[in-house]
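Summary of structural features
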Amino acid sequence: MAAVDAILVTGGAGYVGSHAVEALCRAGYAVTVVDDLSQGHRAAVPPAADLVVGDAGDRPLLDRLMATRPYHAVMHFAARSLVGESMRDPAPYLAGNVRVAQAVIDAAVAHKVGKLVLSSTANIFASSDGRPITEESPIDPGSPYGEGKYMVERLLHWADRCHGLRSAALRYFNAAGAHPDGHLGEDHRPETHLIPIVLEVALGKRPHLDIFGDDYETPDGTCIRDYVHVCDIAEAHIKVLDVLDERSARYNVGTGSGYSVRQVVEAAERVIGRRITVRMAPRRPGDPPVLVANGSRLRRETGWAPKLPDLDSMIATAWEWRRRHPDGYVG
Ligand code: UFG
């Protein structure tokens, strides 16, 4: 990489995006973030990056930015990303996320940006059938969120075939944890994700955790997920850039270990040393029972390996962030 390679990051003020921006800056890239701050936070953008506040689907804005300098790659994070919300209100996921992605892809093609890395999701897959999910496992999105992301993957397939835009779709399993320095973390409003909610219960900000279903066909009846540290996900974005010199690719990004909701609660109690009060609640629509990755292709082809693969480290870093920032970025 030349030290001056520039990367345009949409949604770089969000949870995964901000960790990727931090990793890119640390690796010596010049980073421009486009984020409308509807879900992201200004304070999550590292000072070394330029922040442009605006809609990532605003084509004239993208044209202006891409005309100012040659970008080595675009990393596209900007999207609505809540499985449960997408079941109640699918349009922003099916139409909205796809519209924004189409604008980003069209701009990248028009300005001859040769590489695009997409923030995709494990939710494009049906539940694991007992075996970890490979890139060849059947696509069967669990929700409009997953369906919209898969539609964007198909847009990218054709952008490569028709225009030569190389892309990597990174299907994240469950992003978790926070930067070990404690300055970046997870701050969704409203918060719907399991680990941050568990931490809010530990802090006394919520009376209990609702466990969404304990009648799934899993050993303890609760859903199983493959939690992967957000800094490891960030690193994967940098690793795949070299692959894109040769070809487009898609990768499942996970550790290969699955933990149930109850196991997450137990791990949090162990790491934090406090009891987490739980209450049983009905299943949440759109939740596949088991999502666990076979991430061997990413390891084999890029040399990626998670540095913080254990659930306790994910919870410990998330807890450190939360302890230091009990009110998130606002505080
Ligand atoms: N859960 C609860 N109670 C809560 C919150 C969550 O029981 O209050 C359960 C969910 O039902 C699910 C598990 O905890 O079984 C994890 O839920 P999250 O909301 O933390 O994460 P999701 O699995 O729904 O979704 C996340 C990302 C998606 C991504 C998906 C891939 O938010 O963008 O992982 O697996 F698609």
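As a reminder, the structure under discussion sits directly above these lines.
Each chain has its residues counted from 1, running along the sequence as written. In keeping with the model being predicted, local features are shown solely for residues with a pLDDT of at least 70 and side-chain atom pairs are shown and tallied solely at 80 or more, while totals for entire chains, interfaces and linings include all residues. Note that the side-chain values use all heavy atoms of the structure and ignore hydrogens as well as water.

**Thoughts on unusual backbone geometry**
Stated formally: A run of H or I in DSSP counts as a helix once it spans at least four residues, and a run of E counts as a strand once it spans at least two, with each numbered from the N terminus.
Arg189 connects to Pro190 through a cis peptide bond whose omega is 0°. Here Pro190 shows up in the loop between strand E7 (174-176) and helix H6 (194-202). At Leu37, a position not held by glycine, the phi torsion is positive, near 60°. Turning to its location among the elements, Leu37 is positioned in the loop between strand E2 (30-35) and strand E3 (50-53). Of note, the phi angle at Lys112 is positive, near 60°, even though the residue is not glycine. Secondary-structure assignment places Lys112 in the loop between helix H4 (91-110) and strand E5 (115-121).

**Some words on the packing of aromatic side chains**
The condition that has to hold: Pairs were defined over the aromatic rings of Phe, Tyr and Trp, the Trp ring being its six-membered one, requiring ring centres within 6.5 Å. Orientation was assigned from the angle between planes: stacked under 30 degrees, edge-to-face over 60, tilted for the rest. The buried label applies to any residue whose accessible area, calculated with a 1.4 Å probe on protein chains only, is under 20% of its type's maximum; exposed applies above 50%, and partly exposed to all values in between. Any Lys NZ or Arg CZ found within 6 Å of a ring centre and within 35 degrees of that ring's normal is scored as a charge over the ring.
Tallied over the full model, the rule gives 2 aromatic pairs. Note on Tyr93 and Tyr145: the rings are 6.0 Å apart at their centroids and 90° apart in plane angle, and the pair reads as edge-to-face. Linking Tyr93 in helix H4 with Tyr145 in helix H5 (residues 144-163), this pair joins segments that are 52 residues apart in sequence. Here Tyr93 and Tyr145 have matching classes, each one buried. Summarising the aromatic geometry, the rings of Trp321 and Tyr329 are spaced 4.7 Å apart at their centres and angled 50° between planes, so their arrangement reads as tilted. Just as Trp321 is buried, Tyr329 falls in that class too. Across the ring face of Tyr216, the terminal group of Arg283 is positioned such that the distance to the ring centre comes to 4.0 Å.

**Quick word on helix H8 (residues 261-272)**
Our working rule: Expected helix span is computed as 1.5 Å times (number of residues minus one). Starting at the helix axis, one direction is taken to each C-beta atom, and the arc is that of these directions. Here, residues are in contact when the closest pair of their heavy atoms is within 4.5 Å.
For H8, spanning 12 residues, the distance from its first C-alpha to its last is 16 Å, which sits close to the expected 16 Å at 1.5 Å a residue. Among the residues making up H8, those that are buried are Val261, Val264, Val265, Ala267, Ala268 and Ile272. In a view along the axis of H8, the buried residues occupy a sector of 165°, so they form one face of it. For H8, the elements touching its buried residues are H6, strand E8 (209-212), strand E10 (227-229), strand E12 (259-260), strand E13 (278-281) and helix H10 (311-324). Of the residues flanking the end of H8, it is Gly273, one or two places downstream, whose phi is positive at about 80°.

**Regarding empty space enclosed by the protein**
Keep this limit in mind: A 1.4 Å probe that fits but cannot get out identifies a cavity on a 1 Å grid over protein atoms alone, an open set with protein on both sides within 12 Å along at least five of seven lines counts as a pocket, and a residue lines either if it has an atom within 4 Å of a point. Grid points are joined across faces, edges and corners, and a volume is the space filled by probe spheres set on the points. Polar here means any residue outside two lists: the nonpolar Ala, Val, Leu, Ile, Met, Phe, Trp, Tyr, Cys and Pro, and the charged Asp, Glu, Lys and Arg; Gly therefore counts as polar.
Taken as a whole and assessed by the stated rule, the structure comprises 1 cavity of 30 Å³ or more. Considered as a void within the structure, the largest cavity measures approximately 70 Å³ in volume. Counting residues per element, the ones that place at least two in the lining of the largest cavity are H6 and H10. Of the residues contributing to the lining of the largest cavity, the split by class is 5 nonpolar, 2 polar and 4 charged.

**A word on the layout of surface pockets**
Of the voids in this model, the second largest pocket is the one considered here, and its volume is about 340 Å³. In terms of lining, the second largest pocket is formed by 16 residues, of which the most central are Glu153, Arg154, His157, Ala249 and Arg250. Within the residue set of the lining of the second largest pocket, elements represented by two or more residues are H5, strand E6 (166-172) and strand E11 (249-253). Across the lining of the second largest pocket, the residue classes tally to 6 nonpolar, 3 polar and 7 charged.

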